[in-house]
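Single-letter residue listing:
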Amino acid sequence: MIKVVGVYLDSLQSKCYVSPDNLELFKGQAVIVETDNGLQIGDTVTDVSLEKEENVVLPLKKVLRLATKEDLKKRDYLKKEAEKALRTAKEYAKDLKLNMVFVDANYTFEKSQLFFSFVADSRVDFRELAKRLAQKYKTRIELRQIGVRDKAKKIGGLGPCGLFLCCHSFLTDFNSVSINMAKNQMLALNPSKINGVCGRLLCCLNYEDDTYKYLKKDLPSIGTVVQKKEGTGKVVAVNIFKRTYQVDFGSKGVQEYSNEK
């Protein structure tokens, strides 16, 4: 078991686990993190906890120190500079007739690298754009093409449940979501009902999928022909929460059966 703390890094716009390096840290603190790309600033999003080594990516980046007032002033300055760079990138992309939609821009804390995130329907040849940006800002430029889910994670918003998007609030990774999960939960396969604001299947379909699979395990599917003492009938309805199903016997009517474990 090793000590870790979750940190949301400004430049990467994502959460990662790093080593607290003997510092007593708590959720909500601004910290300076030592990484392969130099110093980065971010905020702790968890308290220090113990984690199994196989559950984290080693070697861990580590927290160098708590951010000072000067660090926080520099953070605000870098944010404003990145916003200016984002406007410039949009202008350059328009001049080059590149079909790309920029999402955000972020500097590393030492201003040694400038990251741009964008979405596009297909691959984009942005070599000329990167060249122009590097000439203007005299720093290393990295353009990242992200998916619509990543865009939603970065921008945030409200889901159909009325709460802030899970991906923006607490999800660190996107687990696979399939249409079968919606079918397992007997949801209407209407895109407006089962898709999130990103246009992809709702991440929350994953949350209760195992429970639905467990509850449905010994229940017959709708349309299944079954043999009962009343005769042969067809399953016309299933209630997984009550653990019951209804069988239509034609002229003998519909009967309900329990399948409690």
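This text gives an overview of the structure that appears in the document. (Residues numbered from 1 in each chain as written. Predicted model: local features only at pLDDT ≥ 70, side-chain atom pairs only at ≥ 80, totals over all residues. Heavy atoms only, no water.)

Quick notes on helix α3 (residues 148–155)
- By the burial criterion, the buried members of α3 are R149, A152, K153 and K154.
- Contacts from the buried residues of α3 go to β7 (101–107), β8 (113–119) and α4 (166–169).
- Looking one or two residues beyond α3, the residue adopting positive phi is G156, at roughly 85°. (Buried < 20%, exposed > 50% of the residue type's maximum accessible area, 1.4 Å probe, protein only. Helix = DSSP H or I, 4+ residues; strand = E, 2+ residues; numbered from the N terminus. Contact = heavy atoms within 4.5 Å.)

Some details on the sheet that holds β8
- Taken in spatial order, the three strands make up an open sheet running β7-β8-β9, and their pairing is mixed. The outermost strands of the open sheet, each flanked by one partner alone, are β7 and β9 (140–145). Neighbour-to-neighbour, the strand axes of this sheet turn through a mean angle of 20°, independent of strand direction.
- In this structure, β7 lies alongside β8, joined through six bridges in antiparallel fashion. Along β8, the bridge assignment pairs V101 with V119.
- Across the face of the sheet, helix α1 (residues 69–95) comes into contact with β7 and β8 while running at roughly 145° to β7.
- The strands that α3 touches are β7 and β8; relative to β7, the one it contacts most, it runs at about 55°. (Pairing = 2+ DSSP bridges. Axes fitted to C-alpha atoms, helices over the stretch in contact; angles between N-to-C directions.)

Digging into the layout of surface pockets
- Each pocket or cavity is described by its volume, and for the largest pocket that value is around 540 Å³.
- The wall of the largest pocket is formed by 22 residues, among which S14, K15, C16, Y17 and K61 lie closest to the centre.
- Of all the secondary structure elements, the ones that give two or more residues to the lining of the largest pocket are β2 (14–18) and α3.
- The element best represented in the lining of the largest pocket is β2, accounting for four residues. (1 Å grid on protein atoms, 1.4 Å probe; cavity = no way out; pocket = protein on both sides within 12 Å on 5 of 7 lines; lining within 4 Å. Points joined across faces, edges and corners; volume = space filled by probe spheres on them.)

Some words on the pattern of salt bridges
- A complete count under the given rule lists twelve salt bridges for this structure.
- Note that K154 is salt-bridged to D104, the shortest N-O span being 3.5 Å. Here K154, found in helix α3, pairs with D104, found in strand β7; they are 50 residues apart in sequence, far enough to count as distant. The two residues K154 and D104 agree in class, both being buried.
- Measuring nitrogen to oxygen at the nearest pair gives 3.3 Å for the salt bridge that ties K213 to D209. Remark: D209 and K213 occur in helix α7 (residues 209–216); sequence separation between them is four residues, near one turn of the helix. (Salt bridge = Lys/Arg side-chain N within 4 Å of Asp/Glu carboxyl O.)

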